[in-house]
Amino acid sequence: MAFQHVYSHAAAPAVEERPTFDMKHGERSFELNGVKDVGALEVQSPNLEFQLLKCNNVDGRYRVDFEPRGEEHEVDVKYNGKHLEGSPFQLKPAGKPSLDVQSDSKSFLVNGAFNQDALNVQGSNGVAYDVYANREVPGQYRVDFFPQGNGEHQFDVTYNGEHVEGSPFQVKPVAALPAPVMSMSPDRKVMSFQHVPHAKQKLEIDSTAAYQMFEDKQDPNTAHVLLETGDQNVHRVKASYNGKEIEGANFYLA
């Protein structure tokens, strides 16, 4: 049989899946979604530094942190050489970082410090303090301090060599916490520790048995450790706080 060609129909070209981005946190970062090939991603702007971070091991999601200073910037975001929707866009210069002293008078926040190397925290009169970066909010840091002894303490917080808004400021000493105390539940499966603020960072458990640590919901200075001793082995358990062994917290458990 002979067939006569009637017409042709070409397949529709495949639609390229393009990444998208959303501005976050007061226009100091943005997130990219759907990035299958990070090598095809381009973020460009004259005189502006960027930091590209993968978001919580989620495939195709990245966060770009930046710090516009001194002038307005135009930013180009391209993928495979083509602008993404919304690119290019304008960035205004960042404002000066500021302080937010918390109501508990034992911590304060630094906001808008996008360059960690440019941030400097100094406490006077022997005050102890810890600095934590907020992984969810770029440019935000929490400073926990422990004023003790006589006299007020002063904090100087500078950024690029200049005091941030609200610095310097004074804090009054507070009474030192008693030494950490441990107690055991009647079934010897739960260890409770009192006088251990910031336990997740400072309370160390050395145990051959598996365990779970959680802070008390009512008292931030109390923590609990659930020991998982379902086998027939004898386990050694040891606990220390700030590098010092807690009294009574070095024992064997069957």
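Reading guide: rules and limits
Residues numbered from 1 in each chain as written. Predicted model: local features only at pLDDT ≥ 70, side-chain atom pairs only at ≥ 80, totals over all residues. Heavy atoms only, no water. Phe/Tyr/Trp six-rings, centres within 6.5 Å; stacked < 30°, edge-to-face > 60°. Helix = DSSP H or I, 4+ residues; strand = E, 2+ residues; numbered from the N terminus. Buried < 20%, exposed > 50% of the residue type's maximum accessible area, 1.4 Å probe, protein only. Pairing = 2+ DSSP bridges. Axes fitted to C-alpha atoms, helices over the stretch in contact; angles between N-to-C directions. Salt bridge = Lys/Arg side-chain N within 4 Å of Asp/Glu carboxyl O.

Asker: I'd like to hear about the packing of aromatic side chains, residue by residue, with values.
Answerer: Taken as a whole and assessed by the stated rule, the structure comprises 3 aromatic pairs. Taking 5.1 Å as the distance between ring centres and 85° as the angle between the ring planes, the aromatic pair formed by F108 and F169 counts as edge-to-face. Pair noted here: F108 is in strand β10 (residues 107–111) and F169 is in strand β16 (residues 169–171), with a separation of 61 residues, a long-range link. Of the two residues, F108 and F169, neither departs from the other in class, the shared state being buried. Ring plane angle 25° and centroid distance 5.9 Å describe the contact between F155 and F169, whose orientation is recorded as stacked. Of this pair, F155 sits in strand β14 (residues 153–159) while F169 is found in strand β16, placing the two residues 14 residues apart along the sequence. An identical accessibility class is assigned to F155 and F169; each is buried. Members of the aromatic cluster, each reached through a chain of ring pairs, are F108, F155 and F169.

Asker: Tell me what's going on with the sheet that holds strand β13 (residues 141–146), and back it up with residues and numbers.
Answerer: The strands making up a sheet associate through backbone hydrogen bonding, with each pair oriented either parallel or antiparallel. Strands sit in the order β9-β10-β13-β12 across an open sheet of 4 strands; the sheet is antiparallel. With one partner strand each, in any of the chains shown, β9 (98–101) and β12 (128–133) form the two edges of the open sheet. Ignoring which end each strand starts from, the neighbouring axes of this sheet average 20° apart. Looking at chain direction, β9 and β10 are connected through 4 bridges and run antiparallel. For D100, the partnering residue across the bridge sits in β10 and is L109.

Asker: Report on the pattern of salt bridges, specifying residues and quantitative values.
Answerer: Taken as a whole and assessed by the stated rule, the structure comprises 3 salt bridges. Ionic pairing is found between D130 and K202, a salt bridge with its closest N-O pair at 3.0 Å. Of this pair, D130 sits in strand β12 while K202 sits in helix α1 (residues 199–202), and the two are 72 residues apart along the sequence. One salt bridge in this structure joins E245 and K238, with 3.8 Å as the shortest N-O distance. A residue is classified by how much of its surface remains accessible, and E245, at 46% relative accessible area, is partly exposed. For K238, a relative accessible area of 30% puts it in the partly exposed group.

Asker: Can you lay out unusual backbone geometry for me, pointing to particular residues and giving the numbers?
Answerer: With an omega of -5°, the peptide bond between S167 and P168 qualifies as cis. Along the chain, P168 turns up in the loop between β15 (162–163) and β16. In this structure, R188 takes a positive phi of about 60° despite not being glycine.

Asker: Quick rundown of the pairing of strand β6 (residues 73–79)? Include the residues and the values.
Answerer: Within β6, 5 of the 7 residues are buried, which leaves the element mostly enclosed by the surrounding structure. Summarising the sheet, β6 and strand β8 (residues 89–91) pair through 3 bridges and their orientation is antiparallel. Paired with H73 across the two strands is L91, which belongs to β8. For β6 and strand β7 (residues 82–83), the ladder comprises 2 bridges, and the chain directions are antiparallel. By the bridge assignment for β7, Y79 is matched with K82. Hairpin connection between β6 and β7: a loop of 2 residues separates the two successive antiparallel strands, and N80 in this loop has a positive phi of roughly 55°.

Asker: Give a description of the environment of Q232 that names residues and reports values.
Answerer: In this fold, Q232 is placed in the loop between β21 (223–228) and β22 (235–241). Taking C-alpha positions, Q232 is 6.9 Å from A254, a pair spaced 22 residues apart along the chain.

Asker: Explain the sheet that holds strand β17 (residues 181–184) to me, and be specific about the residues and the numbers.
Answerer: Strands sit in the order β17-β18-β21-β20 across an open sheet of 4 strands; the sheet is antiparallel. The open sheet has two free edges, formed respectively by β17 and β20 (210–215), since each of these has just one partner strand. Sheet twist, expressed as the average angle between the axes of neighbouring strands with direction ignored, equals 20°. Relative to β21, β20 runs antiparallel, the two sharing 6 bridges. Bridging across to β21, A210 finds its partner in E228.

Asker: Account for the pairing of strand β2 (residues 29–33), with residues named and values stated.
Answerer: Burial of β2 is extensive: 4 of the 5 residues sit out of reach of the surface. Where β2 lies against strand β5 (residues 62–66), 4 bridges are found, and the strand directions are antiparallel. Paired with S29 across the two strands is D65, which belongs to β5.

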